[in-house]
Amino acid sequence: MSETRLGQATNFDSWKHAYAKRAENLAVSEVRALFSVVSRPEVVSLAGGMPDVSAMDNDLIRTAFDSLMSSRPQYALQYGGGQGDLRLREQIQEIMELEGVHGSVEDLMITTGSQHALELLSDLFLDQGDVVLVESPSYVGAVGIFRHKEAHIEHVFTDADGISPVAVAEAADRLIADGKRVKLLYLVPNFANPSGVTLSESRRDELIKVCAERGILIIEDNPYGQLYFDKQPPRALRAREAEGVVYLGSFSKILSPGLRVGYVLAPPAIREKLVLANESAVLSPATFAQMLISEYLSICDWKAQIASYRNLYREKRDAAFSALEQYLPKVATTRPEGGFFLWLTLPQGLNSKEMLPLAVTELVAYTPGTAFFGDGRGKENIRVCFSHPTSERVKIGIQRLSNVINRQIDLIDTFGVQQ
Ligand code: PMP
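Residues numbered from 1 in each chain as written. Predicted model: local features only at pLDDT ≥ 70, side-chain atom pairs only at ≥ 80, totals over all residues. Heavy atoms only, no water.

## Considerations on unusual backbone geometry
Cis geometry marks the peptide bond from Ser136 to Pro137, where omega comes out at 0 degrees. Here Pro137 lies in the loop between strand E3 (131–135) and helix H6 (140–148). Looking along the chain, the bond that leaves Asn193 and enters Pro194 is cis, with omega of 15 degrees. Here Pro194 shows up in the loop between strand E7 (182–187) and helix H8 (201–214). The phi torsion at Glu150 lies on the positive side, around 60 degrees, for a residue other than glycine. (Helix = DSSP H or I, 4+ residues; strand = E, 2+ residues; numbered from the N terminus.)

## Remarks on the packing of helix H12 (residues 352–361) against helix H13 (residues 391–415)
Running from N to C, H12 and H13 point in directions that differ by 130 degrees, and their axes come no closer than 9 Å. As summarised for this structure, H12 and H13 are arranged oblique, according to the angle between their axes. In terms of crossing hand, the pair formed by H12 and H13 is right-handed. Contact with H12, carried on its side by Met355, Leu358 and Ala359, involves Val404, Ile405 and Gln408 of H13 and no other residues of that element. (Axes fitted to C-alpha atoms, helices over the stretch in contact; angles between N-to-C directions. Parallel < 35°, antiparallel > 145°, perpendicular 65-115°, else oblique. Left-handed = near helix turned anticlockwise from the far one by under 90°. Contact = heavy atoms within 4.5 Å.)

## Quick word on the sheet that holds strand E14 (residues 367–368)
Strands sit in the order E11-E12-E15-E14 across an open sheet of four strands; the sheet is antiparallel. Of all the strands in the sheet, the pair left with one neighbour each is strand E11 (332–333) and E14. Two strands pair when backbone bridges link them, and strand E12 (residues 341–345) and strand E15 (residues 381–385) are joined in this way by five bridges, in the antiparallel orientation. Opposite Thr345, over in E15, you have Asn381 as the bridge partner. Sitting on the sheet, helix H11 (residues 302–327) touches E11 and E12, and the angle it makes with E12 is about 15 degrees. (Pairing = 2+ DSSP bridges.)

## Considering the side chain of Arg240
With respect to the helices, strands and loops of the structure, Arg240 is situated in the loop between strand E8 (217–221) and strand E9 (245–250). Overall, Arg240 belongs to the buried group, its relative accessible area being 18%. Within the structure, Arg240 has its side chain in polar contact with the backbone oxygen of Arg235 (distance 2.9 Å). Look past the residues within four positions of Arg240 in its chain and what remains in contact with it is Glu201, Arg204, Asp205, Ile208, Pro234 and Arg235. (Buried < 20%, exposed > 50% of the residue type's maximum accessible area, 1.4 Å probe, protein only. Polar contact = N/O pair within 3.5 Å; in protein donor to acceptor, adjacent residues only side chain to side chain.)

See below:
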């Protein structure tokens, strides 16, 4: 039997009549559609948002593994509780404190990556047509979930200081006046995926106020906060307001996405419902992965490991900046101070989605900006992920990208249209 490749359309489906209506919203994401192409070694992929796990010291993981298997295998190989391992939750308290977040272990729950926390929260809060306010652009994985729940996704004005609280208030008031239920504000405040932008200090307090006045719950998704290059981002929103903010964290970017462990800190009533939803979905999050991480955190110098990631990703960001300056001076870019991404704005008339097949023939891949909007915007944007290739490959990738972009600019200048 042949397996359907990711991104390949399935032509015939004899079960079309049986799907739930919401399954219509399960489209192949533009990021996933690229996977089969970009995994070819000759292609420099600036597409998928993957950490550079080759920089992880495998001996540390092996030491944690051996220690776990010799001390508590009968627990590690068994089902666990729906809320997650208690010792790991205690250790997560320490990690969250680095962002100024103080939360009790009772209000923490472990999830199967923070993607799963987003799925559980969306299921808990969103009926068809309910409004989720998001950044412009927003994280593709969240947009996909909100779409699947048949929510109304409202992109709100965002600039170099993050999402605008004034624009959030305006959008919420307009939609409420239209009779809509505005339920959630979802944001990635630090080194956002895909823009790389960080929400400013003053906007954090303003956003909390605007949302509290309108009964809008904030979902603060923070997988990149510890991957700052020079200075730490402002204190988390959850550090300022406990009742109105649900806080998400993950081990995917600071340790390994393969372990699939994330966490959610929520006000007690929400957390109670989340635990029931987690049990219903997965019985218990993966015990082995949780205990391996817990062992790693207790016997290894994880803070030094994160510090080494900061240096590594800073170097790659700098490589991307210097290549952009050299090869693409006409393309505007955000200036991320941490994380994995930068967001390019192409000269007028260029369409990043239409240009992608040409880029792949030049052996470079990226994610078109349209993936990060639920409303078709983003044609003139490109997300560049600099975290996974080596610095040298990042530079080569941007040079190849410049060949494609400059050729399109020439065509537009000469014929008035893109190829
Ligand atoms: N939120 C954001 C902003 C992300 O970039 C990602 C991963 N790309 C996730 C959530 C999901 O991460 P995970 O499920 O691996 O924790």
